[in-house]
Each structure stands twice: as structure tokens, then as C-alpha cells.
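Observations on chain architecture
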Amino acid sequence: MSITVLNPGLLTTVQDMGRVGYQQFGVSVSGVMDPRSAALANILAGNDMGEAVLECTMMGPKLRFDRACVIAITGGDLGPTLDGQPIPGYRALAVRAGQVLGFTAPKTGCRAFIAFSGGLDIPLAMGSRSTDLKAKLGGLQGRRLEKGDAIGFRSPVEALPRMADRALRPEFAPQPVYTLRAVLGPQDDAFTQDGLRTFLTGAYTVTPEFDRMGCRLSGPAIQHRQTADIISDGIAFGAVQVPSSGAPIIMLADRQTTGGYTKIANVITADFRILAQLKAGDKVRFAEVSVEEAQNILLARRAALNAIRSI
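Structure report, in brief. Nothing here was measured: the structure is a model prediction, and the numbers come from that model.

What counts and what doesn't
Residues numbered from 1 in each chain as written. Predicted model: local features only at pLDDT ≥ 70, side-chain atom pairs only at ≥ 80, totals over all residues. Heavy atoms only, no water. Pairing = 2+ DSSP bridges. Helix = DSSP H or I, 4+ residues; strand = E, 2+ residues; numbered from the N terminus. Axes fitted to C-alpha atoms, helices over the stretch in contact; angles between N-to-C directions. Contact = heavy atoms within 4.5 Å. Parallel < 35°, antiparallel > 145°, perpendicular 65-115°, else oblique. Left-handed = near helix turned anticlockwise from the far one by under 90°. Nonpolar A, V, L, I, M, F, W, Y, C, P; charged D, E, K, R; others polar. Buried < 20%, exposed > 50% of the residue type's maximum accessible area, 1.4 Å probe, protein only. 1 Å grid on protein atoms, 1.4 Å probe; cavity = no way out; pocket = protein on both sides within 12 Å on 5 of 7 lines; lining within 4 Å. Points joined across faces, edges and corners; volume = space filled by probe spheres on them.

1. Some words on the sheet that holds strand E10 (residues 108-116)
As summarised here, the arrangement of the five strands in space is E2-E3-E10-E5-E8, forming an open sheet in which the pairing is antiparallel. Looking at which strands have only one partner, the edges of the open sheet turn out to be strand E2 (11-15) and strand E8 (93-95). Shown here is a sheet whose adjacent strand axes are inclined to one another by a mean of 30 degrees, direction ignored. Sheet strands touched by helix H1 (residues 35-44): strand E3 (53-57), strand E5 (69-77) and E10. Its angle to E5, the strand with the most contacts, is close to 155 degrees.

And the structure:
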């Protein structure tokens, strides 16, 4: 095997870009919470952008390398160390056999992503290596990492060309209030004008009810015209549901495939990198953008990723 789990951390799972195309059959997409950070880690490690990574939440794992490899760690700064010494994120690092990767404590954000050159030797399940914890599907036996687990590398690489140039500036920066851009709908007509105004002007706080399935916010109640219930329909990553309490819930990677609450808006894909790094107590506001604006922002982000990959 190539890595042995000495300590699994709080929640460490294998994730890629998700199990796309099966929601119609009731299978959740899952996948990384922060697709951009995972893609950057893979670029730095010399992989395809969609390669599976380890997603680490709050307290990262402790891993022993049984063979040499190049790794890259992006996303939130959870205090990575190698043999007890601090190491930088957003940089390709050559790790020797016998060395131990660990994490101290979160400094910024709450999720880090570890990419391994050559990819993890995890079987595909319905076209993805992502872990669906509720369905116990994919990843390592459909569960989080545990002490004693061993995972192999498919095609490990011990060094990459221009290693010194494989470095980027960390992207997530703490803010007093985080702005999440969102497209209104699909049920924005189910809310009063005051309700829409409240959503777009109110400040909300991330509650401890925050996992890979969803993020519940507290703050000013959003007023419905009549009822919060609808005939169940599909739910996208970033959908903002508003139940009868008026408190918004942002649906995330492990969301259910359908839901019966009104959805006032959807956080744009480009801002998932912020959404994934929020933690209990953080403050957020929503800003309205059009579908066209959201698409243009996403296209620009994808173009930037491709430019980084080609360097």
C-alpha cells in the first residue's frame, strides 16, 4: 500500500467531482465541497483536474507514506505538517517513503484537499470515486477514513518537472462577512416582496447544523406568500431552501436528490469555494446576479484554471 491512516481526523473522505447523471434514480451527486480547490490541488500534483482527492474537514488526518509521491494541499489552512514540521499549502511537495503528513488545527477555512500524483487506487462506483456516506457508496467502502486504513496509488510519481514553479497563492481569506452571489429562483415567486428584500439585505449566521448535506443559517425570517411546501422537485448544489420557519438552508454536495421546500435562490458555482470554507459563527450575505452573469463568472474561472494547467 502507499499511505496508511494513523489518525483519520474529524471527517476525511475520498471525493472527486461527483457521481453525475444518477439523480433521476435517487443517487446523490456527492463529490468535493470546493471543486476549485480540489482542481488546483490536482493541477499542482500533475493530475487531471477531476482526479479523486482526500477531503479533510476541520481536523485533518495523520498519514504515513509507504512509498514516495508528490502531493499538493489546497483549500482551508488546517496547519499541515510533514514529520512534525510546518509545510506550505498550494505547492507541489515531494514526500519520501516513511514520512508522516499531519495537521495541527484550522487557521483559515474548514476544508482542505490533498491530491496525490498518479491518483488514489480507489475503484469507480457508477463512474465516480466519491464517497456517499448515506448510501455507503464509493470511496473506501462507502465510509469515512478510519485508523489503520491503507490506500494505494495507481501511478505514483516521485518528482514532477519544474517543481519549484508548482506553487500558487492561497485563495481563501477570512472576512467579517462573506458575500455569496446567487441567482433568484426557481420558486422566488412564492415569497413576498418583503421576503425577497429580507433575503438580499439581511445578514445571516452559519449555525452548527452544517455538514456535507446542508448548511442551516440563522437570521431574519424570510416571508412566504402562502406556504413553504411545494411538490418535490430536483435540488442543485447551492440551492437555498426556505422552510416554514423562514430560516434558509443551503443544500450542499451530499444533498438529497429532491425536496419539497420552496427554493428562493441558488448560490452560483463560482462561490462554492467560499461556501465550502464557512464554519459555525461565520456571517454571510446574499447578492443577486443574473443567470448570464453567473455563467460568465464561471466561464472566466474555468478559463483561468485551464491557463494555470497549461503553465
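Still more ground to cover, so stick around.
2. Focus on the packing of H1 against helix H4 (residues 291-310)
At their nearest, the axes of H1 and H4 sit 10 Å apart, and the two run at 15 degrees to each other. Looking at the two axes, H1 sits roughly parallel to H4. Seen from above, H1 lies across H4 with right-handed handedness. Across the interface between the two elements, Arg36, Ala39, Leu40 and Ile43 of H1 pack against Arg301, Leu305, Ile308 and Arg309 of H4. Its residues assigned to classes, the contact of H1 with H4 shows five nonpolar, no polar and three charged.

3. Observations concerning the sheet that holds strand E11 (residues 150-151)
The antiparallel open sheet is built from six strands, whose spatial order is E7-E6-E9-E4-E1-E11. Both edges of this open sheet fall to strand E7 (85-86) and E11, since each of them pairs with a single strand only. Taken together, the two bridges between strand E4 (residues 62-65) and strand E9 (residues 100-103) define a ladder with antiparallel strand orientation. Its bridge partner being in E9, Leu63 is matched across the sheet by Leu101.

4. Here we look at unusual backbone geometry
Cis geometry marks the peptide bond from Gly185 to Pro186, where omega comes out at 10 degrees. Tracing the chain through its elements places Pro186 in the loop between strand E12 (178-184) and helix H2 (193-201). Residues other than glycine seldom take positive phi values, yet Tyr90 does so here, at roughly 55 degrees. Relative to the elements of secondary structure, Tyr90 occurs in the loop between E7 and E8. Owing to a relative accessible area of 3%, Tyr90 belongs among the buried residues under this scheme.

5. Describing the layout of surface pockets
When its volume is computed, the largest pocket comes out at roughly 560 Å³. Lining the largest pocket we find 25 residues, and of these Met17, Pro35, Thr269, Phe272 and Arg302 sit closest to its centre. Among the elements that make up the lining of the largest pocket, the one with the highest residue count is H4 (five residues). Its residues assigned to classes, the lining of the largest pocket shows 13 nonpolar, five polar and seven charged. Taken as a whole, the second largest pocket encloses approximately 380 Å³ of empty space. For the second largest pocket, the lining is made up of 19 residues, of which Leu11, Arg111, Phe210, Asp211 and Arg212 are closest to its centre. Those elements that provide at least two residues to the lining of the second largest pocket are E10 and strand E13 (204-210). For the lining of the second largest pocket, the leading source of residues is E13, giving three residues. By residue class, the composition of the lining of the second largest pocket is 10 nonpolar, two polar and seven charged.

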